[in-house]
Amino acid sequence: MEIRAFILSLLVSVCGPVGVYAAETAASVVSRMSAAVKSLGSYEVTFTVHAGDYSGNGRYAVSGGDYNLSLAGVDVFGEGAVRYEVNNAQREITIDTVDTSSHNILVNPAGGLDFIGDGFTSRIVSQDSYSVVVRLTPTDATAGTIDVTVSTATWLPSKLVYDLNGDSVAVDITGIAATTERLAAFDSSAYKGYEIIDFR
């Protein structure tokens with residue numbers, strides 16, 4: 001009996017982190033992640049994007065439904081229903097409506113980590129002692145899948161892979177934390193001489 005108890009205690013100590021989520025369903029993992037992100041309030045994310053031969057670092061910050069995003073020399077300001085995309089290399093400003101239906105953090109950072117609702121089916125595709133990977137398949141057949149890696153220590157996302165017809169974009173989240181800094185607002189006076197393209 002003592003040997004059996006010892007073995008069981010050893011298994012618990014070695015495999016304890018697995019036990020935290022072994023009984024978790026894909027839906028509960030997504031729910032935990034959503035709750036963890038919402039608990040941050042306003043937050044900032046640093047990330048690295050990999051797409052084919054391209055690799056680049058970026059950051060975005062979210063406060064309510066508004067956001068700032070910077071990647072590859074492009075600064076994006078999401079303010080209410082309007083998205084301002086500033087391409088500094090081409091000296092262009094593209095104005096469009098915010099795609100609130102998008103769950104891609106590069107398109108709609110404010111809603112990019114919100115997978116709660118009827119728009120997805122989910123299943124766990126892999127897991128280890130530190131993380132679990134959930135595959136989200138949109139009910140819209142024209143949209144691609146999203147694989148989300150979630151840390152079981154924090155229940156925050158650490159990686160997202162967007163796949164559409166075999167073409168994939170991977171986003172490694174290198175940091176995610178609450179922030180008290182106010183979002184920068186779009187200021188047209190800072191971009192004098194830029195061409196404005198308005199799709200609204």
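From a predicted model like this one, the values you see are computed outputs, not experimental measurements. (Residues numbered from 1 in each chain as written. Predicted model: local features only at pLDDT ≥ 70, side-chain atom pairs only at ≥ 80, totals over all residues. Heavy atoms only, no water.)

Which parts of the structure should I look at to understand helix α2 (residues 26-39)?
One turn of the α-helix equals 3.6 residues, which is why residues spaced by three or four share an orientation. Between its first and last C-alpha atoms α2 spans 20 Å; for 14 residues at 1.5 Å apiece the expected length is 20 Å, and the two agree. When we look at burial in α2, the residues that qualify are A26, V29, V30, M33, S34, A36 and V37. Within α2, the buried residues cover an arc of 160° as seen down the axis, which keeps them to one side. Exposed side chains of α2 directed beyond 90 degrees from the buried face belong to K38 and S39. Where the residues of α2 are buried, they touch β1 (43-51), β7 (120-127), β8 (131-138), β9 (145-151) and β10 (157-164). The first or second residue beyond α2 is G41, which carries a positive phi of 70°. (Helix = DSSP H or I, 4+ residues; strand = E, 2+ residues; numbered from the N terminus. Expected span 1.5 Å × (residues − 1). Buried < 20%, exposed > 50% of the residue type's maximum accessible area, 1.4 Å probe, protein only. Arc of directions from axis to C-beta. Contact = heavy atoms within 4.5 Å.)

Explanation requested: the pattern of salt bridges in the structure shown.
Two side chains of opposite charge can pair, provided their charged atoms sit close to one another. Using the criterion set out here, one finds five salt bridges in the structure. One salt bridge in this structure joins R59 and E44, with 2.6 Å as the shortest N-O distance. Within this pair, whereas R59 is found in strand β2 (residues 54-63), its partner E44 is found in strand β1, the two being separated by 15 residues in sequence. You can call R59 partly exposed: its relative accessible area is 28%. (Salt bridge = Lys/Arg side-chain N within 4 Å of Asp/Glu carboxyl O.)

Got a minute to help me understand unusual backbone geometry in this structure?
If a residue is not glycine, its phi is most likely negative; likewise, a peptide bond is most likely trans. The phi dihedral of A72 falls on the positive side, at around 55°, and the residue is not glycine. The residue A72 is located in the loop between β3 (66-71) and β4 (74-79) in this model. Judged by its relative accessible area of 58%, A72 is exposed. Phi is positive for W155, close to 60°, though the residue is something other than glycine. Within the secondary structure, W155 sits in the loop between β9 and β10.

Sorry if this is basic, but what is going on with the layout of surface pockets here?
One simple way to see leftover space: roll a probe sized like a water molecule over the atoms. One number sums up the size of the largest pocket: a volume of about 320 Å³. Lining of the largest pocket is provided by 18 residues; of these, N104, A143, G144, Y162 and L164 occupy positions nearest its centre. Secondary-structure elements contributing two or more residues to the lining of the largest pocket are β9, β10 and β11 (167-178). Per-class residue counts for the lining of the largest pocket are eight nonpolar, seven polar and three charged. The computed volume of the second largest pocket comes to approximately 210 Å³. (1 Å grid on protein atoms, 1.4 Å probe; cavity = no way out; pocket = protein on both sides within 12 Å on 5 of 7 lines; lining within 4 Å. Points joined across faces, edges and corners; volume = space filled by probe spheres on them. Nonpolar A, V, L, I, M, F, W, Y, C, P; charged D, E, K, R; others polar.)

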